[in-house]
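# A structural walkthrough
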Amino acid sequence: MSSPTKTVPDTARLGFRRNLLRPADAERADRVTYIELFFDLIFILALTQLSRYLYENQSWVGALESAILVLAFWWVWIYTTWVTNWLDPVRLPVRGVIIGLALVGLVMSTSIYESFGDRGLVFAIAYVSLQLGRTAFMVLALARHDRALHRTFVRMLVWLSVAAVLWILGALLPLGFRLPLWILAIAIEYLSASLAFRVPGMGKAAVDDWDLSGPHIAERSALFVIIALGESFLVTGFAFVAQSISVAGVLGMLLAFVSGVAMWWLYFDHGERAGSRAIASAEAPGRIARLAYTYVHAVLIAGIVLVSVADKEVLEHPDAAMSLSTAVTIVGGPLLYLVGLLLFRRVVARELLVSHLTGVAALLVVFAFAFQVSPLLLGAMTTAVLVTVAAWETILRVRTGTDEPEAG
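All residue numbers refer to position in the chain's written sequence, counted from 1. With pLDDT at 70 or above as the cut-off, local features in this predicted model cover only qualifying residues; side-chain atom pairs require 80 or more to be listed or tallied, and sums for whole chains, interfaces and linings still use all residues. Neither water nor hydrogens contribute to the side-chain values; these are computed over all heavy atoms in the structure.

## Observations concerning the overall build of the chain
Quick reminder of the rule: Secondary structure counts use DSSP, requiring at least four H or I residues in a row for a helix and at least two E residues in a row for a strand, with both numbered from the N terminus. The reference for a compact globule is 2.2 Å times residues^0.38; the radius of gyration itself is calculated from the C-alpha atoms. Burial here depends on accessible area, computed with a 1.4 Å probe over protein chains only, as a share of the maximum for the residue type. Under 20% is buried, over 50% is exposed, and the range in between is partly exposed. Note on contacts: a residue pair qualifies if any of its non-hydrogen atoms lie within 4.5 Å across the two residues.
On a plain count of helices and strands, the chain comes out with twelve helices and zero strands. Overall, the chain shows an N-to-C arrangement of helices and strands of α-α-α-α-α-α-α-α-α-α-α-α. The globule rule puts the C-alpha radius of gyration for 408 residues at 22 Å, and the 22 Å found for the chain is close to it. Oriented by its inertia axes, the alpha-carbon framework of the chain measures out at about 70 × 60 × 35 Å. Put simply, the chain has 408 residues, and 54% of those count as buried. Sequence separation of at least 24 residues holds for 80% of the intrachain contacts in the chain that already meet a minimum separation of 6.

## Some thoughts on unusual backbone geometry
The phi dihedral of Phe-197 is positive, around 55°, even though this residue is not glycine. Summarising the element assignment, Phe-197 is placed in the loop between helix 6 (178-194) and helix 7 (214-241). Unusually for a residue other than glycine, Arg-350 sits at a positive phi of about 55°. With respect to the helices, strands and loops of the structure, Arg-350 is situated in the loop between helix 10 (324-349) and helix 11 (354-368).

## Considering the packing of helix 2 (residues 60-86) against helix 9 (residues 285-316)
When two helices pack together, their arrangement is given by the angle between the helix axes and the distance between those axes. Heads up, the condition is: Helix axes are fitted only over the stretch in contact, all axes being lines through C-alpha atoms; the angle between N-to-C directions runs from 0 to 180 degrees. Crossing chirality is assigned from the near helix's rotation relative to the far helix, an anticlockwise turn below a right angle marking it left-handed and a clockwise turn marking it right-handed. Side-chain classes are defined by residue name, with Ala, Val, Leu, Ile, Met, Phe, Trp, Tyr, Cys and Pro counting as nonpolar, Asp, Glu, Lys and Arg as charged, and the others, Gly among them, as polar.
In the contact formed by helix 2 and helix 9, the axes pass within 10 Å of each other and the chain directions differ by 145°. The hand of the helix 2/helix 9 crossing is right-handed. Of the residues in helix 9, those in contact with Val-70, Leu-71, Trp-74, Trp-75, Ile-78 and Trp-82 of helix 2 are Gly-286, Ala-289, Arg-290, Tyr-293, Thr-294, Tyr-295, His-297, Ala-298, Ile-301 and Ala-302. By residue class, the composition of the contact of helix 2 with helix 9 is twelve nonpolar, three polar and one charged.

## A short note on the packing of helix 1 (residues 34-56) against helix 9
We count it as follows: In this scheme, roughly parallel covers angles under 35 degrees and roughly antiparallel covers those over 145, while 65 to 115 is roughly perpendicular and the rest are oblique.
Look at helix 1 against helix 9: their axes get within 9 Å of each other, and the N-to-C directions meet at 55°. One finds that helix 1 runs oblique with respect to helix 9. You can see that helix 1 and helix 9 cross each other, and the crossing is right-handed. Between helix 1 and helix 9, the residues in contact are Leu-47, Leu-50, Ser-51, Leu-54 and Tyr-55 and Ile-301, Val-305, Leu-306, Ser-308, Val-309, Lys-312, Glu-313 and Glu-316, respectively.

## A short note on the environment of Trp-182
Along the polypeptide, Trp-182 turns up in helix 6. In this structure the C-alpha to C-alpha distance between Trp-182 and Leu-376, which are 194 residues apart in sequence, comes to 35 Å. In this structure, Trp-182 is in contact with Ile-68, Ser-115, Phe-116, Gly-120, Phe-123, Ala-124, Leu-166, Trp-167, Gly-170 and Ala-171, ignoring residues within four places of it in sequence.

## Examining the confidence of the model for the chain
The line we're drawing: For every residue, the predictor states its confidence as a pLDDT score lying anywhere from 0 to 100.
Across the chain, the average pLDDT comes to 88, with 93% of residues at or above 70. Predicted confidence is poor over residues 1-11, with pLDDT under 50, and the contacts of this stretch with residues over four places away or in other chains come to 36 contacts.

## Quick notes on the pattern of salt bridges
To keep things clear, this is the line we draw: The salt bridge definition used is simple: a Lys or Arg side-chain nitrogen within 4 Å of an Asp or Glu carboxyl oxygen.
Counted under the stated rule, the structure contains five salt bridges. Arg-220 is paired through a salt bridge with Glu-36; the nearest N and O atoms lie 3.2 Å apart. Taken together, the residues span a long stretch of sequence, with Arg-220 in helix 7 and Glu-36 in helix 1 at a distance of 184 residues. A relative accessible area of 1% places Arg-220 in the buried class. For Glu-36, a relative accessible area of 1% gives the class buried. A salt bridge links Arg-345 to Glu-351; the shortest N-O distance between them is 2.7 Å. Judged by its relative accessible area of 4%, Arg-345 falls in the buried class. Beyond isolated ion pairs, a larger network of salt bridges with shared partners links Arg-22, Glu-36, Asp-40 and Arg-220.

## Digging into helix 2
An α-helical turn contains 3.6 residues, so a residue and the one three or four places further along point in the same direction. Basically, it comes down to this: By definition here, a helix of n residues has an expected span of 1.5 Å times n minus one.
The terminal C-alpha atoms of helix 2, which comprises 27 residues, lie 39 Å apart, in line with the 39 Å expected from a rise of 1.5 Å per residue. Taking burial as the measure, the 27 residues of helix 2 include 21 buried ones, the bulk of the element.

## Focus on a nonpolar patch on the surface
We count it as follows: Note on patches: the residues involved have over 30% relative accessible area and no salt bridge, like charges join within 9 Å, and the nonpolar side chains Val, Leu, Ile, Met, Phe, Trp and Tyr join within 5 Å. For the accessible areas, the method is Shrake-Rupley and the probe is 1.4 Å, while residue cover comes only from the protein chains on display.
On the surface, Phe-233, Phe-257, Val-258, Val-261, Trp-265 and Val-387 cluster together to form a nonpolar patch covering roughly 480 Å² of accessible area. It is helix 8 (residues 247-281) that contributes the most residues to the nonpolar patch, four residues altogether. Structurally, the position occupied by Val-261 is in helix 8. With a relative accessible area of 34%, Val-261 lands in the partly exposed category.

## Quick notes on the side chain of Ser-111
Counted only if it meets this: Within 3.5 Å is the distance limit for a polar contact, defined as a pair of N or O atoms, with the added protein rule that one can donate a hydrogen and the other accept it, and that residues adjacent in sequence qualify only through two side-chain atoms.
Here Ser-111 shows up in the loop between helix 3 (92-110) and helix 4 (120-142). The class of Ser-111 is buried, set by a relative accessible area of 1%. Within the structure, Ser-111 has its side chain in polar contact with the backbone oxygen of Met-108 (distance 2.9 Å). Every residue in contact with Ser-111, bar those within four places of it in the chain, is listed here: Arg-119, Val-122 and Phe-123.

Below, the structure is given as structure tokens:
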């Protein structure tokens, strides 16, 4: 259930008098609203720009820069999802803030490709504005209605403010300082959540005791996976229509489609429902939300983004000589995705899937032979691994009697 109203005396000087929390006993307590889906639209552009950046910067430095960007955008999205888990998007102040966040997110998305270039300051200001502005609004919204959660967001604001200094400094100082300062900034933000936002003099937040809507978190995360998969088709489609029709191009497009289907199947055939049930029935949904849906899903999204880059690489250079960056990209995307699914199922269902472990091992074997084949053939091999793992899990589920009509 959502966080119930916990009224405090009106002696509090700050905060909204009107209660903006989701009503715990209403139908919309767990519902994903249309304004939340509207906010997600901004991330279609963000994901395409991330794919573009990684495709154009296939080096170890480029990969590290891309990782920072992916983690930053995921952090913006997941923090906003947590906010709309507690606050009621039907309320006009909340709806207005979400629209404002979408506008700033649009600015941030348009600056991704040059974030480590001429638009670094624009990116940093937009990112910091999103993080601090949203958190400050939560501090005000909760001040009179849920003091415990209010104090959590005050702690969060402290951590984000420290990181904000590093984001801005990284954009203002010479370019050589940007990557290390931004690595430190994103590390502080991710570390803060793992430390339950502990602040000297204020203690730490009781994250495991957070009363939140598990079904809402699970559905929002699943919808974002769909958006990420859609973005991969978008990137691949643009690459396909930009070139002349050829056998290699058609095969590359088919491989991209099949790998997308396999990734969808692996997540939605059983894993999504396992996670939704686990967080809905958990005595401490905050723990599952923090581990499975905050940290682990970042790995899943990174894997999907990398797969979209690999699909474009296969389309653009199907028969080119294999390079290390190309091999890492083509194998790394499916590998990240399977590792993310392994961790997800381990957290939500306490199970270690042999099919997924075998898939990870198979991808490592495929990588060992990567330099003996073309990008197109390597893409076919990784796609075959994903399809095999998806089929294995589904067959096992059906044979053991756990087949369900609502699968997928």
